[in-house]
Amino acid sequence: GGGGGGGGGKGKWVFVPSREALSPEEIEERRTANAERHAARVAEEERKVVTDMHIEGEVVQRAKRHAWLKPTDPSAVPEVCREELAKMNAEFRAKATDGRAFCGGLEGDVLYLSVADIAEEKLVLAAGMQVKFKIYMDNKGVGACEVLSNEPPAPEGAEGAEGDEVAAA
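Residues numbered from 1 in each chain as written. Predicted model: local features only at pLDDT ≥ 70, side-chain atom pairs only at ≥ 80, totals over all residues. Heavy atoms only, no water.

Draft legend 1. Here's a closer look at the overall build of the protein. Regarding its fold elements, the protein presents three helices and six strands. Taking all 169 residues of the protein together, 24% fall into the buried category. Intrachain contacts of the protein at a sequence separation of at least 6 include 65% that bridge at least 24 residues. (Helix = DSSP H or I, 4+ residues; strand = E, 2+ residues; numbered from the N terminus. Buried < 20%, exposed > 50% of the residue type's maximum accessible area, 1.4 Å probe, protein only. Contact = heavy atoms within 4.5 Å.)

Draft legend 2. Fine view of the confidence of the model for the protein. In the predicted model, the protein carries a mean pLDDT of 84, and the fraction of residues at 70 or more is 80%. Per-residue pLDDT stays below 50 along residues 160-168; that stretch engages in one contact with residues further than four places along the chain or on separate chains. (pLDDT = per-residue confidence, 0-100.)

Draft legend 3. Spatial organisation of helix H2 (residues 79-95). Helix length check: H2 (17 residues) gives 25 Å between terminal C-alpha atoms against 24 Å at 1.5 Å per residue, within 8%. Here H2 has its buried residues at Cys81, Leu85, Met88 and Asn89. Buried residues in H2, looked at end-on, bunch into an arc of 100 degrees, giving them a common side. When the buried face of H2 is taken as reference, the exposed residues oriented beyond 90 degrees from it are Glu79, Glu83 and Ala94. Elements that come into contact with the buried residues of H2 comprise strand E3 (66-71), strand E4 (111-114), strand E5 (130-138) and strand E6 (141-149). (Expected span 1.5 Å × (residues − 1). Arc of directions from axis to C-beta.)

Draft legend 4. The layout of surface pockets, seen in detail. Volume-wise, the largest pocket comes out at about 1000 Å³. Lining the largest pocket are 23 residues, with Arg31, Asn34, Arg65, Val115 and Ala116 positioned closest to its centre. Put simply, the parts of the chain that give the lining of the largest pocket at least two residues each are helix H1 (24-44) and E4. Ranked by the residues each element gives to the lining of the largest pocket, the list is headed by H1, at eight residues. Of the residues that constitute the lining of the largest pocket, the class distribution is ten nonpolar, three polar and ten charged. In this model, the second largest pocket occupies a volume close to 270 Å³. As for the second largest pocket, its lining consists of 17 residues, and the residues nearest its centre are Glu45, Tyr112, Tyr136, Asp138 and Lys140. The set of elements that each furnish at least two residues to the lining of the second largest pocket consists of H1, H2, E4, E5 and E6. Here the lining of the second largest pocket is built from residues that sort into six nonpolar, four polar and seven charged. (1 Å grid on protein atoms, 1.4 Å probe; cavity = no way out; pocket = protein on both sides within 12 Å on 5 of 7 lines; lining within 4 Å. Points joined across faces, edges and corners; volume = space filled by probe spheres on them. Nonpolar A, V, L, I, M, F, W, Y, C, P; charged D, E, K, R; others polar.)

Draft legend 5. Broad picture of the pairing of E3. Where strand E2 (residues 55-62) meets E3, five bridges bridge the pair, whose relative direction is antiparallel. Residue pairing across strands places Val59 opposite Leu69, the latter belonging to E3. Hairpin connection from E2 to E3: three residues lie between these consecutive antiparallel strands. The pairing of E3 with E4 spans four bridges and is antiparallel. The residue bridging Trp68 from the neighbouring strand is Tyr112, located in E4. (Pairing = 2+ DSSP bridges.)

See the structure below:
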């Protein structure tokens, strides 16, 4: 009999061990292609950014290509998109299957974030991380964009900052 079968015709992900490292040019090309693809999707989905200022929030859950963010202050979400946000969250909650609650059963609405919308280079999101973002609406719902880290800077004189001189003494 055939293997595990249909994933909706989306080719299986195969690990190829012997890939040479990408050259800087190839990395740049790939990044450009991704950026162009993302720009096309943004246009196609009729995105409109609805906040001027960055809003503070927290990463609730992170997947390979997207994450879910929770605004620290839900009232900071513009009224124009609250209803749409609630509707989108209700749909995701209804879809959650195999006994797993959407975003761990979190109360309150969360915003969708595509990793392409992280503005800060090399920022790798993890659950619990503090971030700042703007909110957009498009024909798929409500999401976060222009995402930046909002982690508190390490306090002066914290562990590790002054260790050097001590070791040399």
